[in-house]
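Structural description and commentary
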2 protein chains.
Amino acid sequence: MSASLSIAFIGTGVMGRSMAGHLQKAGHALHVHNRTREKAQALLDAGARWHDSAGSAAAGADIVITIVGFPQDVESTYLGKDGIIERARPGALLIDMTTSSPVLARRIAEAAAGRGLAALDAPVSGGDLGARDARLAIMVGGDASAFARAKPIFELMGKTINHLGGPGAGQHCKMANQIALAVGMVAWCEGLAYAKAAGLPVDLVHATISGGAAGSWVMTNLAPKAFAENYAPGFYVKHFLKDMRIALESAAELKIELPGLVLAKQLYDRVEAQGWSECGTQALYRLYAGR
Amino acid sequence: MSASLSIAFIGTGVMGRSMAGHLQKAGHALHVHNRTREKAQALLDAGARWHDSAGSAAAGADIVITIVGFPQDVESTYLGKDGIIERARPGALLIDMTTSSPVLARRIAEAAAGRGLAALDAPVSGGDLGARDARLAIMVGGDASAFARAKPIFELMGKTINHLGGPGAGQHCKMANQIALAVGMVAWCEGLAYAKAAGLPVDLVHATISGGAAGSWVMTNLAPKAFAENYAPGFYVKHFLKDMRIALESAAELKIELPGLVLAKQLYDRVEAQGWSECGTQALYRLYAGR
């Protein structure tokens, strides 16, 4: 992609501002909107143009990218009055990178098609570090032609970029990830909380088992934080709960029983009830280890 | 360790025969016993001496190693009439490498001490391949002096060799491993069964998520087997259920709630009820994916 495009970028939080920065550095013209203008300041200082609404930012853009908070934010940003679907120019490509509902992704794709727009759902994993280093995994749902058009843009932000199927398939893939992640958190917490209850040195148990068959990314990376009583958020409990809610709704629609996910959600509800929703997801260990 | 020792090795199943083979190759004199004599044949052909009972094998040995099936087998082998505690010669070092009950490990250590014997619990992880390649993780509980004495022997069989504490601590560490493993199986099965139910290509979902935060050793190594409907046992469902029973009993004694483990056990009970107890643990995916 050599030509400079006009890109609207809606949502310049921790993830979004890093991602938009990569697009800006590659020479694309950015039109930005965010609920809190200050969070877009670095992009504005580097030449991005501010808009007071998502619809206004989208109006002249070749590509519209959103990464906002909750499914209801996605819904109002796209489908609401003065929203993206209403304001985007025919032929524009819309890409929602929020972790959101697969059903909503399909609704947006249908509404987009009805107005001559292409739409992709493309949630990411890899966290703020992955966004900063342009190493995100990007999970894409939508038409193959739209995916092909978006790919050079994705390559500026991510490393593993896969097209999983039609509209909603990106969100479904992200939900598969979040389900495995949620139950995987229960896995290491229970194993190591058991070791602690048995009076074993948890650091040595961790060193003994984390490289073997019981090992996982979260055991390797989050258990040491929990042992050190460091509950600073890499990934917030409140956001994890949002994802689990979406996954449970989606599983109900698909009529698949996921008792592990149900349990993980119940446990994280207890974490939230302790007042730890602004903590990182490793706060689950605290629930077991009782500190 | 340059001097050749007389080592009794009780239990020459898939794991035991590889482990005993390493000791034999290092020049130690083996005295073997197994429920099924044929499974010891390769060791006997290489010079090991057969005994008709564990007690008889143990009677003249410097070190007695056991790796048998269930806790009741461990109990009768050590504490039964004509068992190892009764027959071992004073000063001998007893090492149980079976995955067994922490409480039983403490009972054996006490009985051993009462007769001037040293005892260690030293269960392993790493499976038949780890045993064959002498790359097991060995998790040891018991006195530090007994551990120091046993370490050169452990180094012939394993790679990660850690002393976790007093009698029972090795078993507790193994239980921590099995708890994390059990819930970790539920994690990838639910994530990928959800993806399948959503109509996504599971191989591509696996490739997308297994290298990230939701990834685990079991997702990387067992999911592809399950997708290929290969349920051949690396680790048997029936043995995994044994371990979960021990872990649940031990958690109850420690008064720690492990709802994830309770759920994993219920799910594997359903796997067994399907007639799949001789399958590998990846058969859990079949329960979700309905094949």
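Quick notes on the rules
Residues numbered from 1 in each chain as written. Chains lettered and ligands numbered in written order. Predicted model: local features only at pLDDT ≥ 70, side-chain atom pairs only at ≥ 80, totals over all residues. Heavy atoms only, no water. Helix = DSSP H or I, 4+ residues; strand = E, 2+ residues; numbered from the N terminus. Rg over C-alpha atoms; globule rule 2.2 N^0.38 Å. Buried < 20%, exposed > 50% of the residue type's maximum accessible area, 1.4 Å probe, protein only. Contact = heavy atoms within 4.5 Å. Domains from an automatic or database assignment. Buried area = accessible area lost by both parts, 1.4 Å probe. Least-squares fit on C-alpha atoms with pLDDT ≥ 70 in both. Salt bridge = Lys/Arg side-chain N within 4 Å of Asp/Glu carboxyl O. Arc of directions from axis to C-beta. Pairing = 2+ DSSP bridges. Phe/Tyr/Trp six-rings, centres within 6.5 Å; stacked < 30°, edge-to-face > 60°. Polar contact = N/O pair within 3.5 Å; in protein donor to acceptor, adjacent residues only side chain to side chain. Nonpolar A, V, L, I, M, F, W, Y, C, P; charged D, E, K, R; others polar. pLDDT = per-residue confidence, 0-100. Axes fitted to C-alpha atoms, helices over the stretch in contact; angles between N-to-C directions. Parallel < 35°, antiparallel > 145°, perpendicular 65-115°, else oblique.

Attention now goes to the overall build of chain A. For chain A, the helix and strand inventory stands at 14 helices and nine strands. For 291 residues, the compact-globule formula gives about 19 Å, and the C-alpha radius of gyration of chain A, at 20 Å, lands near that figure. Counting only C-alpha atoms, chain A reaches 65 × 45 × 35 Å along its principal axes. The buried share among the 291 residues of chain A stands at 58%. In chain A, of all internal contacts separated by at least 6 residues, the share reaching a separation of at least 24 is 65%.

Residue and element names in this part refer to chain A. Per the domain assignment, the segments making up chain A are domain 1 (6-166) and domain 2 (173-289). Here the C-alpha centre of domain 2 lies 29 Å away from the C-alpha centre of domain 1. Facing 14 residues of domain 1, the contacting portion of domain 2 comprises nine residues. Note on domain 1 versus domain 2: buried area summed over both sides is about 940 Å², and carbon and sulfur give 71% of it.

Positive phi outside glycine occurs at E229(A), with the angle close to 55 degrees. Within the secondary structure layout, E229(A) lies in the loop between α11 (217-227) and α12 (237-254).

We now examine the side chain of K242(A). Within the element layout of this structure, K242(A) appears in helix α12. Sequence-distant contacts of K242(A), that is, excluding residues within four places in its chain, are made with G69(A), F70(A), P71(A), T98(A) and T99(A).

The next point concerns the relation of the copies chain B and chain A. Screw-axis analysis of chain B against chain A gives a translation of 0.0 Å along the axis, an RMSD of 0.0 Å, and a rotation angle of 180 degrees. Here the transformation between the copies is reduced to the relation of a two-fold axis. When C-alpha positions in chain B are compared against the rotation axis, the closest is assigned to S216(B), at 1.9 Å. Comparing interface residues between copies, 100% of those in chain B also sit at the interface in chain A, which points to an isologous, same-surface contact.

All names here are of chain B. One pass over the full model with this rule turns up 16 salt bridges over all chains. Across the pair D73 and R35 runs a salt bridge, and its minimum N-O distance is 4.0 Å. One end of the pair, D73, is in helix α4 (residues 71-79); the other, R35, is in the loop between β2 (29-33) and α2 (41-45), and 38 residues separate them in sequence. D73 gets classed as buried once you look at its relative accessible area, which sits at 17%. When its relative accessible area of 75% is taken as the criterion, R35 is described as exposed.

Burial in helix α10 (residues 202-209) of chain B covers these residues: V202(B), V205(B), H206(B), T208(B) and I209(B). The buried residues of α10(B) occupy an angular sector of 165 degrees when projected down its axis, which confines them to one face. On its buried side, α10(B) packs onto β8 (136-141), β9 (158-165) and α9 (169-197) of chain A together with α9 (169-197), α11 (217-227) and α14 (283-289) of chain B.

Attention now moves to the pairing of strand β4 (residues 63-66) of chain B. Residue and element names in this part refer to chain B. Neither face of β4 is open: one carries I63 and I65, the other V64 and T66, and all of them are buried. Bridge count for strand β1 (residues 6-10) against β4 is four bridges, and the pairing is parallel. Following the sheet pairing, F9 is matched in β4 by I65. As paired strands, β4 and strand β5 (residues 93-96) are joined by four bridges and run parallel to one another. Bridge assignment links T66 to a residue of β5, and that residue is D96.

On to the environment of L261(B), then. Secondary-structure assignment places L261(B) in helix α13 (residues 259-273). Taking the relative accessible area as the measure of exposure, L261(B) reaches 0% and is therefore buried. For the pair formed by L261(B) and T98(B), sequence separation is 163 residues and the distance between their alpha carbons is 21 Å. Once you skip the residues sitting within four places of it in the chain, L261(B) turns out to touch E190(A), I179(B), A182(B), V183(B), M244(B), A247(B) and L248(B).

Residues and elements named next belong to chain A. Per the counting criterion, the structure on display carries 10 aromatic pairs over all chains. Arranged with centres 5.5 Å apart and planes meeting at 70 degrees, the rings of F227 and Y285 form a pair that is edge-to-face. With F227 in helix α11 and Y285 in helix α14 (residues 283-289), this residue pair connects regions lying 58 residues apart in the sequence. The class of F227 is buried, set by a relative accessible area of 13%. We classify Y285 as buried; its relative accessible area is 0%.

Turning our attention to the interface of chain B and chain A. Chain B puts 55 residues into the contact, and the matching count from chain A is 55 residues. Carbon and sulfur atoms supply 73% of the area that chain B and chain A bury against each other, a total of about 4200 Å² over both sides. When the buried surface of chain B facing chain A is broken down by residue, E190(B), Y194(B) and T208(B) rank first, second and third, together holding 17% of it. Counting the contacts that link chain B with chain A gives zero salt bridges. Where chain B meets chain A, there are 12 residue pairs in polar contact (both at pLDDT 80 or more). Considering each element in turn, the side of chain B that touches chain A owes the most residues, 20 residues, to α9(B). Counted by class, the side of chain B that touches chain A contains 40 nonpolar, 13 polar and two charged residues.

Residue and element names in this part refer to chain A. Where helix α8 (residues 144-154) is concerned, the buried positions are A146, F147, A150, I153 and F154. Taken down its axis, α8 places every buried residue within 105 degrees of arc, on the same side. When the buried face of α8 is taken as reference, the exposed residues oriented beyond 90 degrees from it are A144, S145 and A148.

Averaged over all residues, the pLDDT of chain A is 97; the fraction at 70 or higher stands at 99%. This complex was scored by the predictor with a pTM of 0.96 and an ipTM of 0.96.

Here we take up the environment of W50(B). Residues and elements named next belong to chain B. Relative to the helices and strands, W50 resides in strand β3 (residues 49-50). For the pair formed by W50 and S6, sequence separation is 44 residues and the distance between their alpha carbons is 13 Å. What W50 contacts, discounting residues up to four positions off in sequence, is V32, H33, N34, R37, A40 and L44. Looking at W50, its side chain comes within polar contact range of the side chain of D52, at 2.8 Å.

Relative orientation of the contacting elements α9(A) and α9(B) amounts to 170 degrees, with a least axis distance of 8 Å. Regarding the angle of α9(A) to α9(B), the classification is roughly antiparallel. When grouped by side-chain class, the residues that make up the contact of α9(A) with α9(B) number 20 nonpolar, six polar and two charged.

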